Amino acid sequence: MKGSMTIVAFFVLGIICGLFHLIPDGINIGRWSYIALCALLFCVGISVGNDTQMLRRFRSLDPLLLLLPLMTIIGTLAGVTVVSLAMPHRSLTECLAVGSGFAYYSLSSIFITQYKGPELGTVALLANILREVITLLGAPLMVRWFGRLAPISAGGATTMDTTLPIITRSCGQDYVILSLFHGFCVDFSVPFLVTFFCTL
Amino acid sequence: MLTVVAIMFCGIGVGWLLRHRRLSFISRVITVLIWVLLLCLGIEVGMNPQVISRLTDLGVEAVVMCLAGMAGSLTLAWALWRVVLKKKGGPS
């Protein structure tokens, strides 16, 4: 929660800088953010490649539960597809790109801003921050209404970091490995799916 | 798209080559880069009067898309949970 608040604070600070023209002329923000994005992905790659323990831990999982990341991805995309019918001013691929953030707001909003401009980027940021916040607040209710896999699916890409503590508390210790596995898979799918839907 | 994906795979390769070292500073670098990028996104939004004037609409859109996506994934997670319970035999 503290992490997402800091993110929002930086976003708001940026808006203020932009509104009051506090940025010197001649600085190409788009170019700088592209460079930072490449650096970010390089670092994300390093952290994935560096963690060899992770893959070993996943071997103990029930094969049926390995389907959960797929359920999350298909379910989210299906839900967004349905609602895109009610949004005539947004194309299906734009909606799918926003949905493919799976609560990974930082990466997805940056990507979408690069490909589709700051307007859709803002929608992606807000939608995906909200997904994380709802998961953090509603996890116990989700367990009661939709079963123990629900908060993990709702948490999307965040279930290996920010929403892991609340998932552990509401689903039980048995679901920690599944939550890590789910977060790992969905997290990894975000850059691919978002760029895929943006370039369609 | 290809450049971005290629860069990420280069990162995975580098991370794997350095797998015997603990690169604990990487997560801090990632956090700072995310801050920089969100700051840039904010600046782009702030300098774009069209986006600023539509901020409320964009917020509503975000809520709708978020809830739709979550509803879809919760439904499928519930379906998988039913299957898991049935396989175990009876509710746990």
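Residues numbered from 1 in each chain as written. Chains lettered and ligands numbered in written order. Predicted model: local features only at pLDDT ≥ 70, side-chain atom pairs only at ≥ 80, totals over all residues.

1. Considering the overall build of chain B
Our working definition: A run of DSSP states H or I qualifies as a helix once it reaches four residues; a run of E qualifies as a strand once it reaches two. Both are numbered from the N-terminal end. Restricting the calculation to C-alpha atoms gives the radius of gyration, and the globule rule supplies 2.2 Å times the number of residues raised to the power 0.38. In this scheme the burial state of a residue depends on its C-beta neighbours within 10 Å: 20 or more other such atoms mean buried, 12 or fewer mean exposed, and anything in between means partly exposed; the C-beta positions come from the backbone.
Secondary structure summary: chain B contains four helices and zero strands in total. Starting at the N terminus, the α and β elements of chain B follow one another as α-α-α-α. Taken over C-alpha atoms, the radius of gyration comes to 21 Å for chain B, far larger than the 12 Å a tight globule of 92 residues would show. Of all 92 residues assigned to chain B, the portion counted as buried reaches 36%.

2. Brief notes about the overall build of chain A
When you go through chain A residue by residue, the secondary structure sums to ten helices and zero strands. Reading chain A from its N end, one meets helices and strands in the order α-α-α-α-α-α-α-α-α-α. Computed over its C-alpha atoms, the radius of gyration of chain A comes to 18 Å, within 12% of the 16 Å expected for a compact globule of 200 residues. A principal-axis box enclosing the C-alpha atoms of chain A has dimensions of 55 × 40 × 30 Å. Going through the 200 residues of chain A one by one, you find that 54% of them count as buried.

3. Looking at the interface of chain B and chain A
Where we set the bar: Whether two residues are in contact depends on their C-beta atoms, placed from the backbone: they are in contact if these lie within 7 Å. Note on residue categories: nonpolar means Ala, Val, Leu, Ile, Met, Phe, Trp, Tyr, Cys or Pro, charged means Asp, Glu, Lys or Arg, and polar means any other residue, Gly included.
Across the contact, 61 residues belong to chain B and 76 residues belong to chain A. Taken together, the elements giving at least two residues each to the side of chain B that touches chain A come down to α1 (2-17), α2 (25-46) and α4 (55-88) of chain B. Of the residues belonging to the side of chain B that touches chain A, the class tally is 45 nonpolar, twelve polar and four charged.

4. As for the packing of helix α2 (residues 29-50) of chain A against α2 of chain B
Selection rule: Fitted lines through C-alpha atoms give the axes, limited to the stretch in contact for helices. The angle between two N-to-C directions lies from 0 to 180 degrees. Should an angle fall under 35 degrees it is taken as roughly parallel, and over 145 as roughly antiparallel, whereas 65 to 115 is taken as roughly perpendicular and any remaining angle as oblique. Handedness of each helix crossing follows the sense of rotation of the near helix against the far helix: counterclockwise by less than a right angle gives left-handed, clockwise gives right-handed.
At their nearest, the axes of α2 of chain A and α2 of chain B sit 9 Å apart, and the two run at 155° to each other. Considered as vectors, α2 of chain A and α2 of chain B are oriented roughly antiparallel to each other. As α2 of chain A runs across α2 of chain B, the sense of the crossing is left-handed. For the pair α2 of chain A and α2 of chain B, the contacting residues are Ile29, Trp32, Ser33, Ala36, Leu37, Ala39, Leu40, Cys43, Val44, Ile46 and Ser47 of chain A in the first and Ile26, Ser27, Val29, Ile30, Leu33, Ile34, Val36, Leu37, Cys40, Ile43 and Glu44 of chain B in the second. A per-class count over the contact of α2 of chain A with α2 of chain B returns 18 nonpolar, three polar and one charged.

5. A short note on the confidence of the model for chain B
All names here are of chain B. For clarity, the cut-off: Per-residue confidence from the predictor is reported as pLDDT, which spans 0 to 100.
Scored by pLDDT, chain B has a mean of 87; 95% of the residues are at 70 or more. The lowest-confidence element of chain B is helix α3 (residues 49-53), averaging 85 in pLDDT; the highest-confidence one is α4, averaging 94. Complex prediction metrics read pTM 0.82 and ipTM 0.84.

6. Here's the deal with α2 of chain A
Just so we agree on the cut-off: How far a helix is expected to stretch is found by multiplying one less than its residue total by 1.5 Å.
In a regular helix each residue adds 1.5 Å, so 22 residues correspond to 32 Å; α2 of chain A covers 31 Å between its end C-alpha atoms and thus fits that length. Those residues of α2 of chain A that sit buried are Ser33, Leu37, Leu40, Leu41, Phe42, Cys43, Val44, Gly45, Ile46, Gly49 and Asn50 of chain A.

7. With respect to the domain arrangement of chain B
Reports often express the size of an interface as the amount of accessible area lost when the parts come together. Heads up, the rule is: By convention here, the domain bounds are inherited from an automatic or database domain assignment.
Its domain assignment divides chain B into domain 1 (1-49) and domain 2 (54-92). Inter-centroid distance (C-alpha atoms) of domain 1 of chain B to domain 2 of chain B is 29 Å.

8. Regarding α4 of chain B
Owing to its 3.6 residues per turn, the α-helix aligns residues three or four sequence positions apart on the same side. Here α4 of chain B contains 34 residues, and its C-alpha end-to-end distance of 49 Å stays within 8% of the 50 Å for a straight helix at 1.5 Å per residue. In the segment just after α4 of chain B, Gly89 of chain B is the residue with positive phi, at about 90°.

9. Notes on the nonpolar core
Across soluble globular proteins, nonpolar side chains show a tendency to be buried alongside one another. The following threshold applies: For our purposes the nonpolar core covers buried Ala, Val, Leu, Ile, Met, Phe, Trp, Tyr and Cys residues that link as a set through C-beta atoms within 7 Å.
Core analysis: the biggest nonpolar cluster contains 85 residues, and Leu40, Val98, Val123 and Ala127 of chain A together with Leu37, Met65 and Ala77 of chain B have the highest contact counts within it. Examining the composition of this core, we find that 13 residues originate from one element, helix α7 (residues 118-146) of chain A, more than from any other. Both domain 1 (1-49) and domain 2 (54-92) of chain B contribute no fewer than three residues apiece to this core. In this view, Val123 of chain A contacts Val98 of chain A together with Leu58, Glu61, Ala62 and Met65 of chain B; residues no more than four positions away in its chain are not counted.

10. With respect to the packing of helix α5 (residues 92-99) of chain A against helix α10 (residues 176-199) of chain A
All names here are of chain A. Where α5 meets α10, the closest approach of the two axes is 8 Å, and the angle between their N-to-C directions is 165°. As summarised for this structure, α5 and α10 are arranged roughly antiparallel, according to the angle between their axes. Between α5 and α10 the crossing geometry is left-handed. Counting all contacts with α5, which are made through Thr93, Leu96 and Ala97, the residues of α10 involved are Val194, Phe197 and Cys198.

11. Section: unusual backbone geometry
Residues and elements named next belong to chain A. The residue Phe102 is not glycine, and still its phi comes out positive at about 45°. Along the chain, the position of Phe102 falls in the loop between α5 and α6 (105-116). On the basis of neighbour count, Phe102 is assigned to the buried category, with 33 C-beta atoms found within 10 Å. We note that Ala103 has phi near 70°; this positive angle belongs to a residue other than glycine. For Ala103, the location among the structural elements is in the loop between α5 and α6. The exposure class of Ala103 is buried, given the 32 C-beta atoms found within 10 Å.

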